[in-house]
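In case you want the letters, here they are:
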Amino acid sequence: LLNKKYAKYIKNPNIQVNIIDYKAASIYIKGEVVSPGLYVFNLNDSDDEGKNLKVPVITTVIKASKGLNLYSDLRNIEILRKNTLSNGGGYIK
């Protein structure tokens, strides 16, 4: 795609993009977990199974908070993320 776009300006462009580092993901977990709070996940690290995280999964976040407590109801987990200001701001479920 970039090669096509730049073909107007550069003769035979050969553009390559490599991701060197991922921004850490800050995730706040609250509710019926043993240790609620803010957790930072370095997305360049690997999980316990040796898989590169790239995107933290809910089980990784629950594990970081030392697990669920006796009152936890897995049917009522909600995941919220911030919406960009250009899309109206707020949070998305």
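Scroll up to find the structure.
First, a word on what this report is: a plain description of the structure on this page. (Residues numbered from 1 in each chain as written. Predicted model: local features only at pLDDT ≥ 70, side-chain atom pairs only at ≥ 80, totals over all residues. Heavy atoms only, no water.)

As for the overall build of the chain
Tallying secondary structure elements over the chain gives two helices and four strands in all. In the chain, the succession of α and β elements from N to C terminus is α-β-β-α-β-β. Counting the 93 residues in the chain, one finds 18% classified as buried. A fraction of 24% describes how many contacts in the chain between residues 6 or more apart in sequence connect residues 24 or more apart. Total accessible area computed for the chain in this model is approximately 8200 Å², and 54% of it derives from carbon and sulfur atoms. (Helix = DSSP H or I, 4+ residues; strand = E, 2+ residues; numbered from the N terminus. Buried < 20%, exposed > 50% of the residue type's maximum accessible area, 1.4 Å probe, protein only. Contact = heavy atoms within 4.5 Å. Areas by Shrake-Rupley, 256 points an atom, 1.4 Å probe, with all protein chains shown as cover.)

Points about the nonpolar core
Judged by nonpolar contacts, Ala-25, Ile-29, Val-33, Tyr-39, Phe-41, Leu-43, Val-61 and Ile-62 together constitute the single largest core of eight residues. At the level of elements, strand S1 (25-29), strand S2 (37-41) and helix H2 (58-64) are the ones that each hand at least two residues to this core. With sequence-adjacent residues up to four places away left out, Phe-41 is seen in contact with Ala-24, Ala-25, Ile-27, Pro-56, Thr-60, Val-61 and Ala-64. (Core = buried A, V, L, I, M, F, W, Y, C linked by side-chain atoms within 4.5 Å.)

Let's talk about the pattern of salt bridges
One pass over the structure, following the stated rule, counts two salt bridges. Measuring nitrogen to oxygen at the nearest pair gives 3.1 Å for the salt bridge that ties Asp-73 to Arg-75. The exposure class of Arg-75 is exposed, given its relative accessible area of 73%. Here Lys-93 ties to Glu-78 by a salt bridge, and the two come within 3.3 Å at their closest N and O atoms. Placement of the pair is Lys-93 in the segment after strand S4 (91-92) and Glu-78 in the loop between H2 and strand S3 (81-82), with a sequence separation of 15 residues. Grouping residues by exposure puts Lys-93 and Glu-78 together as exposed. (Salt bridge = Lys/Arg side-chain N within 4 Å of Asp/Glu carboxyl O.)

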